[in-house]
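Structure at a glance
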Amino acid sequence: MTDAPATTALADSTRVSARLDDNDPPWPLRPWIMAAICAAAGLAFHALVDHNYEDGLAQWRSALATAVAVAAVVFVLGVELRRWSWALGFALLWGVVLGLIAWQTAAYNLQGSPIEWPFWSGMLAVLVATPLFQTRRDVAPDWRFWKLWQMPYERLHSHAWTDAVIGAASLAFVGIAFLLTFLISEMFHLIGIDLIRDLLNDEWFGWMLAGAAFGGAVGLLRERDKLVATLQRLVMIVLAVLAPVLAAALLIFLLSLAGTGLAKLWASGFSTAALMLAAAAFAVLLANAVIGNGTDDRATNPLLRWAAPVLAVAVLPLAGIAYFSMQLRIGQYGWTPERIWGLIATLIALAYGIIGLWAVVKGRRDFDDVLRPLQQKLAIGVALLALFLALPILDFGAISTRDQMARLNSGAVKIEKFDWAALAFDFGPRGRAALNDLARSPYKDRADAAKAALAAANRWDLTGPKGPVLLKPIAERLRIIPADRALPAEAIERIAATYMCSRARACVALWLADDRIGVLGQNEPGEATQFDFVSRNAEGRWVQGDLRRNTPQPQMIDDLSKATITVETVPQRRIQIDGVPQTATFD
């Protein structure tokens, strides 16, 4: 080694890149490339999801939008120049998988939303699979290497934490980018230049800016992953400090249950299972912050070393309480898709609790050496399970439908307490098929409730102390004033979907102008009426709300101290029923 100065190219590359792994060469253009990819993905995502929000989004558009977003994020988080084609294939594969899951989920229920439990299960699978892929890319001799359980834990754990830190920091940068852009837009607005302000009001620009900021931030941080590794270690140190606090709290809580019993947990009014699972998740997080990536990385402070095994062991009783709470809830109210997912989560927590207890019993003070490989196998198993559950193989709606129908037929639940909304909107095709069967029931109350559930436009139409109420068609419930002036079909459709008339036994539409209708609805005789406007907008569509309502802007005057001040009386209107005012004044 000599003291000769570095060449200009070498010096520039050193300034641009500070890579943690020497096998990854500097990539100065990475931030710009990642920003361009994510900006293009943002524009494509907007083009796919942009639609009239009063109408549902087509299933194929939901699927393609999901595929674009997932593929772009997975690629920018996991790509390196080394084996970049692997990262591209991995990202495209998960984009296709999540897109198909979104397609299936959007088609499952009437709402057409892909953001349901199977979608989140697929997201969990890709989040766990990404650091597994990154580690495999680093150590595999070739693409045929699939012995994931033999990968080095230290590198796998480091990738998982680094991805989390980079992802969180990049999202924070997106927020900062928007704040800065807003500040710049307001500065130029002060001098009459509204170009940036107008762009911020366009959704396409917002998605493009968010994508560019996220991709650029990921690229910058990945090129400086030595710094990110230091930041990651700092985060783990800060979290590790909290480990004794949570360990002591859990120890006191679990010992207290021996005296108080579990009855107070069920009477708390809060979901006991959710609370216990959250506490178990924090215990796992803080225990891993203490034990670190490997033996050389674990904390040396005696207090932290004591807290980690306590947290690992505490997961099992917390998961046991959550499991018992779920079983109690299922016994009381039967199966639903949400409870099935909750039970699966408790079983995963129980599995972790068992391996945590086994690691402490076997390894004692060095329990983390036993725990790490078990955690790696469990993570692989969770990723595979999450992917399996996200695919349309098991129909949780069909399972729930069979159970709820059995409860109804046995008399375990009364008709007015039966969850008709879940059968109509949560249980998928099997739930709707069961409603069709019930609509032909010889029992009139069941048949009417099922018909009301089938006719409901949304789940809120089925809520209330009397359960679902079978309403007549809107044409039979709607009274038009004046009676000799018909309503356009689109206006009737909009009125039928409003909160004033969707659940109303009686509904009145009053022509106020050629482009404005006043709508009154009454759910039951004797109840108060509900009022709002339905107006025709500039595009010719009928929408809810008063488009004419505006507040006059103050005008420039010469001198207020010398101006003539008067009060003007203007004619206004309001709607009365039997001489009693029902609305505020308008016009």
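The notes below deal with the structure included here.

What counts, and where the lines are drawn
Residues numbered from 1 in each chain as written. Predicted model: local features only at pLDDT ≥ 70, side-chain atom pairs only at ≥ 80, totals over all residues. Heavy atoms only, no water. Helix = DSSP H or I, 4+ residues; strand = E, 2+ residues; numbered from the N terminus. Buried < 20%, exposed > 50% of the residue type's maximum accessible area, 1.4 Å probe, protein only. Contact = heavy atoms within 4.5 Å. Areas by Shrake-Rupley, 256 points an atom, 1.4 Å probe, with all protein chains shown as cover. Patch = residues over 30% accessible without salt bridge, like charges linked within 9 Å, V, L, I, M, F, W, Y side chains within 5 Å. Salt bridge = Lys/Arg side-chain N within 4 Å of Asp/Glu carboxyl O. Lys, Arg positive; Asp, Glu negative; His and termini not counted. Charge placed at Lys NZ, Arg CZ, Asp CG, Glu CD. Axes fitted to C-alpha atoms, helices over the stretch in contact; angles between N-to-C directions. Parallel < 35°, antiparallel > 145°, perpendicular 65-115°, else oblique. Left-handed = near helix turned anticlockwise from the far one by under 90°. Nonpolar A, V, L, I, M, F, W, Y, C, P; charged D, E, K, R; others polar. Phe/Tyr/Trp six-rings, centres within 6.5 Å; stacked < 30°, edge-to-face > 60°. Polar contact = N/O pair within 3.5 Å; in protein donor to acceptor, adjacent residues only side chain to side chain. Pairing = 2+ DSSP bridges. Right-handed = clockwise from strand over helix to strand, strands pointing away. Core = buried A, V, L, I, M, F, W, Y, C linked by side-chain atoms within 4.5 Å. Expected span 1.5 Å × (residues − 1).

Glancing now at the overall build of the protein. Check the secondary structure of the protein and you find 20 helices and seven strands. Looking at the protein as a whole, 44% of its 587 residues qualify as buried. When contacts within the protein are restricted to residue pairs at least 6 apart in sequence, those whose partners lie at least 24 apart make up 65%. Summed over its atoms, the accessible surface of the protein is roughly 32,100 Å², and 65% of this surface lies on carbon and sulfur atoms.

Further remarks concern a negative patch on the surface. A cluster of acidic residues, Asp50, Asp198, Asp202 and Glu203, forms a negative patch at the surface. By relative accessible area, which is 32% here, Asp202 ends up partly exposed.

Axes are the key here: two packed helices are described by the angle between their axes and the distance separating the axes. Viewed as axis vectors pointing N to C, helix α17 (residues 428-439) and helix α18 (residues 444-455) meet at an angle of 140 degrees, and their least axial separation amounts to 7 Å. On the basis of the axis angle, α17 is oblique to α18. Once α17 is placed against α18, the crossing between them reads as left-handed. Listed contacts from α18 to Arg432, Leu435, Asn436, Leu438 and Ala439 of α17 are Arg446, Ala447, Ala450, Lys451, Ala453 and Leu454. When the residues that make up the contact of α17 with α18 are grouped by side-chain class, the tally is seven nonpolar, one polar and three charged.

Let's shift gears to the pattern of salt bridges. According to the stated counting rule, one finds 16 salt bridges in the structure shown. Salt-bridge contacts for Arg197 lead to Glu186; the nearest nitrogen and oxygen are separated by 3.0 Å. Of this pair, Arg197 sits in helix α7 (residues 195-200) while Glu186 sits in helix α6 (residues 153-190), placing them 11 residues apart in sequence. Looking at Arg197, the relative accessible area reads 32%, which means it is partly exposed.

Moving on, we come to the packing of aromatic side chains. Across all of its chains, the model carries 10 aromatic pairs by this definition. Seen from their ring centres, Phe45 and Trp207 are 4.7 Å apart, and the 55 degrees between their planes marks the pair as tilted. Of this pair, Phe45 sits in helix α2 (residues 30-49) while Trp207 sits in helix α8 (residues 203-223); the two residues are 162 residues apart in sequence, bridging distant segments of the chain. Given the relative accessible area of 36%, Trp207 is considered partly exposed. Pairing Trp341 with Phe396 gives two aromatic rings, centres 5.1 Å apart and planes at 65 degrees, and the pair type is edge-to-face.

Note on placement: Arg30 falls in helix α2. Classification of Arg30 by relative accessible area gives buried; the value is 1%. Separated by 3.1 Å, the side chain of Arg30 and the backbone oxygen of Val79 make a polar contact. Within polar-contact distance, the side chain of Arg30 engages the side chain of Glu80 at 2.6 Å.

Quick look at the pairing of strand β1 (residues 478-481) now. Here four bridges tie β1 to strand β2 (residues 506-513), and the two strands are oriented parallel to one another. Looking at the pairing, Ile481 lines up with Leu510 of β2. The handedness of the β1 to β2 crossover, carried by helix α20 (residues 489-497), is left-handed.

Turning our eyes to something else, we now look at the nonpolar core. Leu250, Val290, Leu311, Phe367 and Leu371 are the most contacted members of the largest nonpolar core, which totals 39 residues. Looking at this core, the elements with two or more residues in it are α9 (225-260), α11 (272-291), α12 (302-333), α13 (337-363) and α14 (367-390). If one sorts the elements of this core by residue count, α12 sits on top with 12 residues. Setting aside its immediate chain neighbours within four residues, Leu311 contacts Ala243, Leu246, Ala247, Leu250, Ala283, Leu286 and Ala287. Met34, Phe75, Trp94 and Val97 belong to the second largest nonpolar core, which has 34 residues in total.

To continue, consider the sheet that holds strand β4 (residues 530-536). Pairing in this open sheet of five strands is mixed, and the strands run β1-β2-β3-β4-β5 from one edge to the other. Strands at the two margins of the open sheet, each flanked by one partner only, are β1 and β5 (542-544). For this sheet, the mean inter-axis angle between neighbouring strands, taken without regard to orientation, is 25 degrees. Together, β1, β2, β3 (516-522), β4 and β5 form the strand contacts of α20, whose direction differs from that of β5 by roughly 20 degrees.

This part takes up the environment of Ser121. When you line up the elements, Ser121 lands in helix α5 (residues 117-139). Ser121 sits in the buried class, given a relative accessible area of 7%. When the C-alpha atoms of Ser121 and Leu389 are compared, they prove to be 6.9 Å apart, with 268 residues separating the residues in sequence. Aside from chain neighbours lying at most four places away, what touches Ser121 is Trp341, Ala386, Leu389 and Ala390.

Moving on, we come to α18. Here α18 spans 16 Å end to end across 12 residues, near enough to the 16 Å set by a 1.5 Å rise per residue. Taken together, the buried positions of α18 are Arg446, Ala447, Asp448, Ala449, Ala450, Ala452 and Ala453. Buried residues along α18 sit against α15 (396-410), α16 (420-425) and α17.

Here α15 crosses α17 at 30 degrees, and the two axes come no closer than 8 Å. As summarised for this structure, α15 and α17 are arranged roughly parallel, according to the angle between their axes. For the pair formed by α15 and α17, the contact residues are Ala398, Thr401, Arg402, Met405 and Leu408 on the first element and Arg430, Gly431, Ala434 and Leu438 on the second. Each residue belonging to the contact of α15 with α17 can be placed in one class, and the counts come to five nonpolar, two polar and two charged.

Moving on, we get to unusual backbone geometry. Negative phi values dominate among residues other than glycine, just as trans dominates among peptide bonds. Of the consecutive residues Ile481 and Pro482, the connecting peptide bond is found in the cis state with omega at -5 degrees. Mapping Pro482 onto the fold places it in the loop between β1 and α20. Although it is not a glycine, Arg83 adopts a positive phi angle of roughly 55 degrees. By the element assignment, Arg83 lies in the loop between α3 (59-78) and α4 (84-108).

Here the focus is a nonpolar patch on the surface. On the surface, a cluster of nonpolar side chains totalling about 910 Å² of accessible area is made up of Leu180, Leu183, Ile184, Met187, Phe188, Leu190, Ile191, Ile193 and Leu195. Considering the arrangement of structural elements, one finds Ile184 in helix α6.

Take Ser441: it is sitting in the loop between α17 and α18. Ser441 gets classed as buried once you look at its relative accessible area, which sits at 16%. Side-chain polar atoms of Ser441 contact the backbone nitrogen of Tyr443, separated by 3.1 Å. Aside from chain neighbours lying at most four places away, what touches Ser441 is Arg446 and Ala447.

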